[in-house]
Amino acid sequence: MARAPRRVQSLLVMLVILPFWTSFLIRVYAWINILQTDGLLNRALQALGLIDAPVAWLASDTAIYIGVVYSYLPFMVLPLYASLEKMDLSLLEAAADLGAPRWKAFWLVTVPLSRPGIAAGALLCFIPIVGEFVIPDLLGGSDSLMIGQTLWTEFFSNKDWPVASAIAVVLLCLLVVPIAVYQHMQMNAVERGS
């Protein structure tokens, strides 16, 4: 996206944002229809001859992974795009002129310059995914265990408020620590820059 022509970049950004124009629940229910035994994915794989019999995608960890990646990928793509768009492409040309192969230029130039976007995207994804309840409940079934479901079970099914409160405090600490580290890194970067 960052290297696409300017007239195409806005279209690509719109395509990344487009899923947000529909409700989160509608998107998850769409994945239920796609992943069910007689769903679109199994029919497409059978039509291509990749599978003989329908695969049970729904109520599996794979379904949860698909739902989480689909739902939160824009939160990673947009900060990365913002940091890569500002990158000076002459740095990659200089690395190539100095004999660095493309993969080495990527690891030594692009990745370090995109670190702020990587960190922001990781936090934007990590925070909601840790407490995710809807996707594992609807796509994963009862066998999958995530902290959001555990909190729900402890609060509303087991009525074990002390355990649920302890889990909630652990979750809060799990979310506050990366935010504090990121804020500390940003403050250090600002101080070095001035």
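As the structure is a prediction and not an experimental result, all values here were calculated from the model.

J.: Lay out the overall build of the protein chain in plain terms, naming residues and giving numbers.
T.: Across its full length, the protein chain carries 10 helices and zero strands. N-terminal to C-terminal, the α/β element order of the protein chain is α-α-α-α-α-α-α-α-α-α. For 194 residues, the compact-globule formula gives about 16 Å, and the C-alpha radius of gyration of the protein chain, at 21 Å, lies well above that figure. Projected onto the principal axes, the alpha-carbon positions of the protein chain cover approximately 60 × 50 × 30 Å. Looking at the protein chain residue by residue over its 194 residues, the buried ones come to 29%. Restricting the contact set of the protein chain to residue pairs at least 6 apart, pairs at least 24 apart contribute 58%. Surface accessibility of the protein chain: about 12,600 Å² in total, with carbon and sulfur atoms responsible for 69%. Mean positive and mean negative side-chain charge positions of the protein chain (11 and 13 charges, respectively) differ by 12 Å.

J.: Outline the packing of helix α6 (residues 102-113) against helix α7 (residues 115-130), supporting the account with residue identities and numerical values.
T.: As a packed pair, α6 and α7 sit with axes 4 Å apart at the nearest point and diverge in direction by 55 degrees. In terms of orientation, α6 lies oblique with respect to α7. Contacts between α6 and α7 involve Val 111, Pro 112 and Leu 113 from the former and Arg 115, Pro 116 and Ile 118 from the latter. Here the residues of the contact of α6 with α7 sort into five nonpolar, no polar and one charged.

J.: I'd love a proper account of a nonpolar patch on the surface, names of residues and values included.
T.: The grouping of Leu 11, Met 14, Leu 15, Leu 18, Phe 20 and Trp 21 at the surface amounts to a nonpolar patch, some 580 Å² of accessible area in total. Here Leu 15 shows up in helix α1 (residues 6-17).

J.: I'd like a description of the environment of Leu 175, backed by residues and values.
T.: As for its position among the elements, Leu 175 is in helix α10 (residues 161-193). Distance in space between the C-alpha atoms of Leu 175 and Trp 103 is 34 Å, their sequence separation being 72 residues. In contact with Leu 175, other than residues within four places in its own chain, are Phe 126, Ile 127 and Val 130.

Calculation rules
- Residues numbered from 1 in each chain as written.
- Predicted model: local features only at pLDDT ≥ 70, side-chain atom pairs only at ≥ 80, totals over all residues.
- Heavy atoms only, no water.
- Helix = DSSP H or I, 4+ residues; strand = E, 2+ residues; numbered from the N terminus.
- Rg over C-alpha atoms; globule rule 2.2 N^0.38 Å.
- Buried < 20%, exposed > 50% of the residue type's maximum accessible area, 1.4 Å probe, protein only.
- Contact = heavy atoms within 4.5 Å.
- Areas by Shrake-Rupley, 256 points an atom, 1.4 Å probe, with all protein chains shown as cover.
- Lys, Arg positive; Asp, Glu negative; His and termini not counted.
- Charge placed at Lys NZ, Arg CZ, Asp CG, Glu CD.
- Axes fitted to C-alpha atoms, helices over the stretch in contact; angles between N-to-C directions.
- Parallel < 35°, antiparallel > 145°, perpendicular 65-115°, else oblique.
- Nonpolar A, V, L, I, M, F, W, Y, C, P; charged D, E, K, R; others polar.
- Patch = residues over 30% accessible without salt bridge, like charges linked within 9 Å, V, L, I, M, F, W, Y side chains within 5 Å.
- Salt bridge = Lys/Arg side-chain N within 4 Å of Asp/Glu carboxyl O.

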